[in-house]
Each structure stands twice: as C-alpha cells, then as structure tokens.
Amino acid sequence: MTDRNDIMASMPAADYETLVGRIDNLWSTARNRAVEAVNTELLDANWKTGQYIVEFEQQGKIRAEYGTQLINRLAKDLTARRGKGFSRSNLIYMRKFYLCFPKSVTVSHLLTWSHYYELLKCEDEMEMQFYYKEALNQKWKVRELRRQIKSSLFHRLALSTDKAGVLALARQGHPILTADDIIHDPYVLEFTGLPQKKRYKENDLEKALKDNMEKFLLELGRGFAFIGRQYVMPIGGRQFKVDLVFYHAILKCYVLIDLKRNEISHGDIGQMNLYLNYFKNEVCMPDDNPPIGIVLGAKRDEVLMEYALEGITNQLFVARYQLYLPRKEELQAQLDKVLNDNA
C-alpha cells in the first residue's frame, strides 16, 4: 500500500503552491467582502438613525430647546436596549450625518463610519466636502484624514488660489495636473518633533524627515515616491549633494528638495537651478518630464525671491515650512477675506 506521505512527497511542488495560493486568496477575498458588507450595513444604519431623528423632529415640530432633551433621552433608552454605540455624541453625529448627506446614494461605502465621524467635525461645508473627496481620491486611512484636517490642508491650499479655485477644491478635491499643484505653503512638519524656538541644524531636519518619511509623504501629497537622501551629483570635478530626491508618479518627473533652516537666499535659488540642469541632462530618461525643484526654508523675502527667480526656465519653487500646526482661526479669517474680496 502506498503511504500517504509518499503521495505527498511525489506531488509537484509548483502545483501544491498553486493550491495553497488559491485557497489563501479565496479566504482573503471572503474576509474583505465580509468587512465591506459590515461597513455598508453600519453606514446605512447610522444614516437611517439620523433620518429617523430628523423626521421625528420635523413631524413633531420640536423646538430647538427640546432637541437636546430628545437626544439625551434617546441615548439613555437605546443604550439600555442595545448597549454601547448610542452615546449622546454618537447620536448627534448620526443626525448630522443625515443632514450633511441627505441622499443616501451620496454616501460612499469606500469610507468607514470612523472616516465620516472625522469629516462631520468640520464646521464648514466646503471644507468637509474637500476632505471627503480627498479621502476617497487618496484612499486615506482614518489617522491620515485626521492629520490632514488638523493641519488645515484645505485652508493652506485654498489660500493659494482665488474664489473659483476654492469652490473647485470643495467640489473636486485637489487634482495633480501641473507642478504648481504639488506645492504647499507652508508645509507643516510638526511630526519631526524638532523644537520650534531652539537651534537645530539642517541635517537634523533632514534626518527627522527621513525618519518620519511616511508622514512626510502624506504632507507632500499624492504621487510622491522617495528615491534618496544626500543624492550625489559629480559636476566639474566637484561633488554636490541635494538633500532629498523623490519621483512623482503622476507628473512623471523627479522632485528635488533642498532644506534651509533659516531664510532662503538668492544663492540657494542658483544652487537648485544647477541641480535641475544636472538632472535634466544626466539623470532623467527620455520619457521623464523636466524635474521640479523646491527650496524649503523657514523664511523667505518675497521681493528677493521674485528677482532671484526671474528668468529661470526650470520648474523651481520656494516654499516655507513650520514646525507647529497652524491656527485654524487665522487661516479661516484669511480665507473669508479671499472669498469676500472675490465676491
């Protein structure tokens, strides 16, 4: 009689690995579908809960002062019946969920309730719609969405455009079409942990960005892939080094970043222009688009930068960074001014 172990030993290894792979893929797919199904049902239940609350209020014409009492009573009674998940704050957000997305077909099941919970914290509808579009477009995890809201990404991008641009951001998110679209001002680098007022060296900042590359890529935006740090360029018998090099998958070009701890000088512009010329001739492949250079510093003189950049044909930008989260109130005031001035 043939031993079972002998049969297994004679089985082709490739065929067996194919079998294992097929079963593994089957269960991975099943598990993912199960998670998606649970998420869909959870979102629908949260949305309908909000709908029931709003319809009850409208039917009974409950005055505002009774609204809080209704939520409090519901929280108490539903928790007694169903257990956790029906706190006062949860019910408030379910109600807001329905009010902000009154048509159930506009609720994307690609996001989770945790995503919507963060989105619903936005007080401004345009801001919320922007983060909603970006969370879908960039497939942000909840913690990534939370960080972008906290860093006021919408306000920072909106302040670099006009009223029409602000409205487009809210409707479409932030498309990456040109080099200008990847520039933020300022870049918020609070995740580096560097002290705002104490002295630190440029290589300290560079190392902190390298050590927190995942968070830095999130701040840079969609499409960036890290290539290297202190990239060496041999030119005319000398060696030059650019701090950080990336490749942008959407724009199909290299992006060079030089870090400056203090104010950006006109010499920094000339140096970056040198780097870009080297990359165009020595590094870029025929199907690559021209490289982009960003000189990133703590300060910049607008007039000096205007003269320094004049006549440069390369895609060269100067931008500021800050080591602390911006005050949203100040950014909102500036944005209100942009919207009002262009009204």
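Just above sits the structure.
All residue numbers refer to position in the chain's written sequence, counted from 1. In keeping with the predicted nature of the model, local features appear solely for residues at pLDDT of at least 70, side-chain atom pairs appear and are counted solely at 80 or more, and the whole-chain, interface and lining totals rest on all residues. Side-chain measures here rest on the full set of heavy atoms in the structure, leaving out hydrogens and waters.

**Some remarks on the overall build of the protein**
- Helix and strand definitions here come from DSSP, where helices need a minimum of 4 consecutive H or I residues and strands a minimum of 2 consecutive E residues; each element is numbered from the N-terminal end. Per the secondary structure count, the protein includes 14 helices and 6 strands.
- C-alpha atoms of the protein, sized along the principal axes, occupy 85 × 75 × 40 Å.
- A simple rule labels every residue: compare its accessible area, found with a 1.4 Å probe on the protein chains alone, to the largest value its type can have, and call it buried under 20%, exposed over 50%, or partly exposed in between. Put simply, the protein has 343 residues, and 41% of those count as buried.
- Restricting to contacts in the protein with at least 6 residues of sequence separation, those with at least 24 account for 65%.
- Surface accessibility of the protein: about 20,400 Å² in total, with carbon and sulfur atoms responsible for 51%.
- Computed over 48 positive and 45 negative side-chain charges, the inter-centroid distance for the protein is 7 Å. Pairs of residues are marked as contacts when any of their non-hydrogen atoms sit within 4.5 Å. Under the convention used here, a 1.4 Å probe and the Shrake-Rupley method define accessible areas, while residue burial counts only the protein chains that appear. Working convention for charge: Lys and Arg count positive, Asp and Glu count negative, and His plus the chain ends are omitted. The atoms used to mark charge sites are NZ of Lys, CZ of Arg, CG of Asp and CD of Glu.

**Focus: the pairing of strand E6 (residues 315–322)**
- Of all the 8 residues making up E6, 6 are buried; the element is thus mostly covered by neighbouring parts of the structure.
- Summarising the sheet, strand E1 (residues 187–188) and E6 pair through 2 bridges and their orientation is parallel. The residue of E6 that forms the bridge with Tyr-187 is Tyr-321.
- Only when DSSP finds a minimum of two bridges between them are two strands counted as paired. Sheet analysis places strand E5 (residues 292–299) next to E6, joined by 6 bridges and oriented parallel. In the strand pairing of E6, Gly-297 is matched with Arg-320.
- What joins E5 to E6 is helix H13 (residues 302–309), and the crossover it makes is right-handed. Note on handedness: a crossover is taken as right-handed if, strands pointing away from the viewer, the path from the first strand over the helix to the second is clockwise.

**Comments concerning the side chain of Glu-206**
- Residue placement: Glu-206 occurs in helix H10 (residues 202–211).
- Overall, the relative accessible area of 4% leaves Glu-206 in the buried class.
- At 2.8 Å, the side chain of Glu-206 forms a polar contact with the side chain of Gln-230.
- In this structure, Glu-206 is in contact with Arg-229, Gln-230, Asp-243, Leu-244 and Leu-259, ignoring residues within four places of it in sequence. Throughout this description, a polar contact denotes any pair of N or O atoms lying within 3.5 Å of each other; where both atoms belong to protein, one of them has to be capable of donating a hydrogen while the other can accept it, and for residues adjacent in sequence the pair is counted only when both atoms sit in side chains.

**Here we look at the side chain of Glu-144**
- Tracing the chain through its elements places Glu-144 in helix H7 (residues 142–150).
- Here a salt bridge means any side-chain nitrogen of Lys or Arg lying within 4 Å of a carboxyl oxygen belonging to Asp or Glu. Within the buried core, Glu-144 has no salt-bridge partner, and the shortest N-O distance to an opposite charge, that of Arg-143, equals 4.7 Å.

**Concerning the pairing of E5**
- Across the 8 residues of E5, 6 count as buried, placing the element largely inside the fold.
- In the sheet, strand E4 (residues 253–263) pairs with E5 via 7 bridges, with the strands oriented parallel. Bridge pairing in E5 places Leu-256 opposite Gly-293.
- Between the parallel elements E4 and E5, the chain passes through helix H12 (residues 266–283) in a crossover that is right-handed.

**A few points about the packing of aromatic side chains**
- Aromatic contacts are taken between Phe, Tyr and Trp rings whose centres are within 6.5 Å, Trp giving its six-membered ring; a plane angle under 30 degrees counts as stacked, one over 60 as edge-to-face, and the others as tilted. Using the criterion set out here, one finds 18 aromatic pairs in the structure.
- An angle of 85° between the planes, with centres 5.5 Å apart, marks the rings of Phe-101 and Tyr-116 as edge-to-face. Here Phe-101 is found in the loop between helix H4 (88–100) and helix H5 (113–119), whereas its partner Tyr-116 is found in helix H5, with 15 residues between them in sequence. Each member of the pair, Phe-101 together with Tyr-116, is buried.
- Three or more aromatic residues link up through ring pairs in this structure, and these residues are Tyr-93, Phe-97, Phe-101, Trp-113, Tyr-116, Tyr-117 and Tyr-132.
- Taking the ring centre of Tyr-200 as reference, the NZ or CZ of Arg-261 above it sits at 5.9 Å. Only lysine NZ and arginine CZ atoms are considered, and such an atom sits over a ring when it is within 6 Å of the ring centre and within 35 degrees of the ring normal.

**Overview of unusual backbone geometry**
- Cis geometry is found at the peptide bond from Asp-185 to Pro-186, where omega equals 5°.
- One non-glycine residue, Gln-230, lies in positive phi territory at about 55°.
- Looking at the element boundaries, Gln-230 is found in strand E2 (residues 224–235).
- Using a relative accessible area of 29% as the deciding quantity, one classes Gln-230 as partly exposed.
- With a phi angle near 55°, Lys-252 is a residue other than glycine that sits in the positive phi range.
- Looking at where Lys-252 falls in the secondary structure, it is placed in the loop between strand E3 (238–248) and E4.

**A closer look at the nonpolar core**
- Buried residues of nine kinds, namely Ala, Val, Leu, Ile, Met, Phe, Trp, Tyr and Cys, make up a nonpolar core once their side-chain atoms join them within 4.5 Å. Ranked by internal contacts, the top residues of the largest apolar core, which has 39 residues, are Phe-97, Phe-101, Trp-113, Tyr-116, Leu-119, Tyr-131 and Phe-154.
- Ile-182, Phe-246, Leu-259 and Ile-294 belong to the second largest nonpolar core, which has 30 residues in total.

**Let's talk about the sheet that holds E1**
- Spatially, 6 strands are ordered E1-E6-E5-E4-E3-E2 in an open sheet, and the strand pairing comes out mixed. Every other strand in the sheet has two partners, leaving E1 and E2 as the edge strands with one partner each.
- Sheet topology places E3 next to E4; 5 bridges connect them, and they run antiparallel. Bridge assignment links Tyr-247 to a residue of E4, and that residue is Tyr-254.

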